[in-house]
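Summary of structural features
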Amino acid sequence: MTIAESSTFPLKFELTPSQAARDEAEREVILADPGFGKHFTDHMVKIDWTIEDGWHDAEVIPYGPLMLDPSAAVLHYAQEIFEGLKAYRHADGSIWTFRPGKNAERLQRSARRLALPELATEDFIESLKQLVAVDGSWVPSAPETSLYIRPFMIANESFLGVRPSQRVAYYVIASPAGAYFHGGVAPVSIWLSTEYSRAGRGGTGAAKCGGNYAASLLPQQEAYENGCAQVLFLDGETGRHIDELGGMNIFFVHDGGTKLVTPRLTGTILEGITRDSIIQLAKDRGMTVQERDVTVEEWRQGVADGSITEVFACGTAAVITPISALKSVDGVIGDENAPAGELTMSIRQELTDIQYGRVADRHGWLTRLDA
Ligand SMILES: *Cc1c(COP(=O)(O)O)cnc(C)c1O
């Protein structure tokens, strides 16, 4: 079913206020130290889809457990996709999000790959506004804090046959997020997985689906055991080219900060919106940007001959994380004690300045959510 076949467009949302909403004092305690993904706001969005009626029954309802039949398709065949974006509070109190149309389009691409129905961009953005309209007070205001918004879609038909589900539900939940780095942005070491890959040719690597994350947990654990914060995956086909981290894209700074290199999108890499934004900001600065194949050998040699001076990872949650070293069974590339790179931090600053409304939004990347 295509988007236009939905029963009503745009969708109209109905609100059922929570009877258990936290009061201001309780909320302030949580917002003082929210952590990440631990606390949730008082409401959530729910929209149902059936093969007969398309998208319907759009609602804002109290946050709470879902009722799923044990035979629901998502529990058996992982027909699930999600998105992640943030709401930022600006100095004047207004609430904004960053390039939500890009998240909407990516959710549509993920939906196509997982044989789920597509949700129109307008309905996606309206679902964010609807949640912020009731739970806007959960958007924290301390520096570098935000409200992390998690839209997701699940197959909830009660049926064990293997085919696309004829019943689907879309939800949006939201969770206040503290500053990702406490006491300043700290570089991390990452672990090169030589045994596992996260995606294969023709697989689901470019879709934001839970299954990709399930497959990354074991190698991620291996990274932890080796003292690393994240795992780096190579492409599954040749095992030579760098794809990305478990949940972040990767960049290399070359030639004294004048060139940025990132693996090209081959279908096995998630098309990060942070990645896309960094490419634009680097071009704005007059830097050369190359999207191409990158090998571990190039990384090793570039560090040795001084042509690669900085490496960083990027994604909505941490924005930009400096990478000091790559560890693997073959040894270490880089210096685990190296400080964060200058260009890395400068791009990070520029991106967060745009997101928090501290500088002009020259690309029109911000969408207001509370008006
Ligand atoms: C979400 C995600 C990213 C980062 O995407 P952003 O849009 O920048 O948040 C990178 N890699 C994977 C595997 C992801 O799931």
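Treat the numbers as computed from the prediction; the structure is a model and nothing was measured. (Residues numbered from 1 in each chain as written. Predicted model: local features only at pLDDT ≥ 70, side-chain atom pairs only at ≥ 80, totals over all residues. Heavy atoms only, no water.)

**Comments concerning the site of the ligand**
Heads up, the rule is: One heavy atom within 4 Å of a molecule or strand is enough for the residue carrying it to be called near that molecule or strand. Any pair of nitrogen or oxygen atoms within 3.5 Å is treated as a polar contact; in protein, a donor-acceptor pairing is required on top of that, and neighbouring residues in sequence qualify only through side-chain atoms on both sides. Residue burial considers only the protein chains on display, and all accessible areas are found by Shrake-Rupley using a 1.4 Å probe. Each residue gets one label: Ala, Val, Leu, Ile, Met, Phe, Trp, Tyr, Cys and Pro are nonpolar, Asp, Glu, Lys and Arg are charged, and the others, such as Gly, are polar.
The environment of the ligand is formed by 15 residues, the closest being K208, Y213, E244, T274 and T316. Contact between the ligand and I273: an oxygen atom at 2.8 Å from a main-chain N or O atom of the residue. Residue T316 places a side-chain N or O atom 2.6 Å away from an oxygen atom belonging to the ligand. Relative to its free-state accessible area of 380 Å², the ligand is covered by the protein chains to the extent of 97%. Of the residues belonging to the shell around the ligand, the class tally is 4 nonpolar, 7 polar and 4 charged.

**Observations concerning the pairing of strand β10 (residues 230-234)**
Along a regular strand, successive side chains alternate from one face of the sheet to the other. Where we set the bar: Exposure categories follow from relative accessible area, calculated using a 1.4 Å probe and restricted to protein chains: below 20% of the type maximum is buried, above 50% is exposed, and the middle band is partly exposed. Secondary structure follows DSSP: runs of H or I at least 4 residues long count as helices, runs of E at least 2 residues long count as strands, and numbering of each begins at the N terminus. Any two strands with at least two DSSP-identified bridges between them are counted as paired. Viewed with both strands pointing away, a crossover whose connecting path from the first strand over the helix to the second turns clockwise is right-handed.
Of all 5 residues that make up β10, 5 are buried, and the element is covered over most of its length. Residues Q230, L232 and L234 line one face of β10 and the alternating positions V231 and F233 line the opposite face, and both faces are buried. Inspection of the sheet shows strand β9 (residues 188-192) paired to β10 by 3 bridges, in the parallel sense. Within the sheet, the bridge partner assigned to I190 lies in β10 and is Q230. Taken together, β9, helix α5 (residues 210-225) and β10 constitute a β-α-β crossover, and its handedness is right-handed. Bridge count for β10 against strand β11 (residues 242-245) is 3 bridges, and the pairing is antiparallel. Paired with L232 across the two strands is L245, which belongs to β11.

**Quick look at helix α6 (residues 273-284)**
Where we set the bar: Each helix should span, by expectation, one fewer than its residue count multiplied by 1.5 Å.
Relative to the 16 Å expected for 12 residues at 1.5 Å per residue, α6 spans 17 Å between its end C-alpha atoms, a close match to the ideal helical length. Among the residues of α6, I273, T274, R275, S277, I278, I279, L281 and A282 are the ones counted as buried. Residue G286 follows α6 closely and has a positive phi angle near 85°.

**Focus on the UniProt feature "modified residue: N6-(pyridoxal phosphate)lysine" (unreviewed entry) in the protein**
Here is the rule we go by: UniProt positions are given in the numbering used here, feature names are shortened, and annotations may be inferred rather than shown by experiment. In what follows, residue pairs with any heavy atoms lying within 4.5 Å of each other are defined as contacts.
When the UniProt feature table is mapped to this numbering, "modified residue: N6-(pyridoxal phosphate)lysine" (unreviewed entry) covers K208. Its place among the elements puts K208 in the loop between β9 and α5. Given the relative accessible area of 11%, K208 is considered buried. Ignoring sequence-local partners within four residues, the contact set of K208 consists of I81, F82, E83, G84, R106, S110, Y213 and L270.

**Quick look at the environment of E291**
Along the chain, E291 falls in strand β14 (residues 288-292). The class for E291 is partly exposed, based on a relative accessible area of 39%. Once the C-alpha coordinates of E291 and L265 are considered, the two residues, 26 residues apart in sequence, prove to be 7.7 Å apart. If we ignore the near neighbours within four places in the chain, the residues touching E291 are T262, R264, R275 and I279. A polar side-chain atom of E291 sits 2.8 Å from a polar atom in the side chain of R275.

**Some thoughts on the packing of helix α3 (residues 100-113) against helix α4 (residues 121-135)**
Operational definition: Only the stretch in contact is used when fitting a helix axis, every axis being a line fitted to C-alpha atoms; angles between N-to-C directions are given from 0 to 180 degrees. With respect to orientation, any angle under 35 degrees is reported as roughly parallel, any angle over 145 as roughly antiparallel, any angle of 65 to 115 as roughly perpendicular, and every other angle as oblique. Crossing chirality is assigned from the near helix's rotation relative to the far helix, an anticlockwise turn below a right angle marking it left-handed and a clockwise turn marking it right-handed.
As a packed pair, α3 and α4 sit with axes 9 Å apart at the nearest point and diverge in direction by 120°. With respect to their mutual orientation, α3 and α4 come out oblique. Between α3 and α4 lies a crossing of right-handed hand. In contact with P100, G101, N103, A104, E105, L107 and Q108 of α3, α4 contributes T121, F124, I125 and L128. Taken together, the residues of the contact of α3 with α4 sort by class into 6 nonpolar, 4 polar and 1 charged.

**A short note on the domain arrangement of the protein**
Our working definition: The domain boundaries here were taken from an automatic or database domain assignment. Buried area: the sum, over both parts, of the accessible surface (1.4 Å probe) that disappears when the two are put together.
We note that the domain assignment places domain 1 (13-177) and domain 2 (188-355) within the protein. Between the C-alpha centres of domain 1 and domain 2 there is a distance of 28 Å. With 20 residues of domain 1 at the interface, the matching set in domain 2 holds 21 residues. Of the roughly 1800 Å² buried where domain 1 meets domain 2, counting both sides, 55% is carbon and sulfur surface. If you sort the residues of domain 1 by the area they bury against domain 2, F82, F98 and R106 come out on top, with a joint share of 32%.

**Overview of a nonpolar patch on the surface**
We count it as follows: Note on patches: the residues involved have over 30% relative accessible area and no salt bridge, like charges join within 9 Å, and the nonpolar side chains Val, Leu, Ile, Met, Phe, Trp and Tyr join within 5 Å. The working definition used for a salt bridge is a side-chain nitrogen of Lys or Arg within 4 Å of a carboxyl oxygen of Asp or Glu.
A grouping of L66, L68 and L75 is seen on the molecular surface, where their side chains present a nonpolar patch of about 240 Å² in accessible area. Note that L75 resides in helix α2 (residues 73-77).

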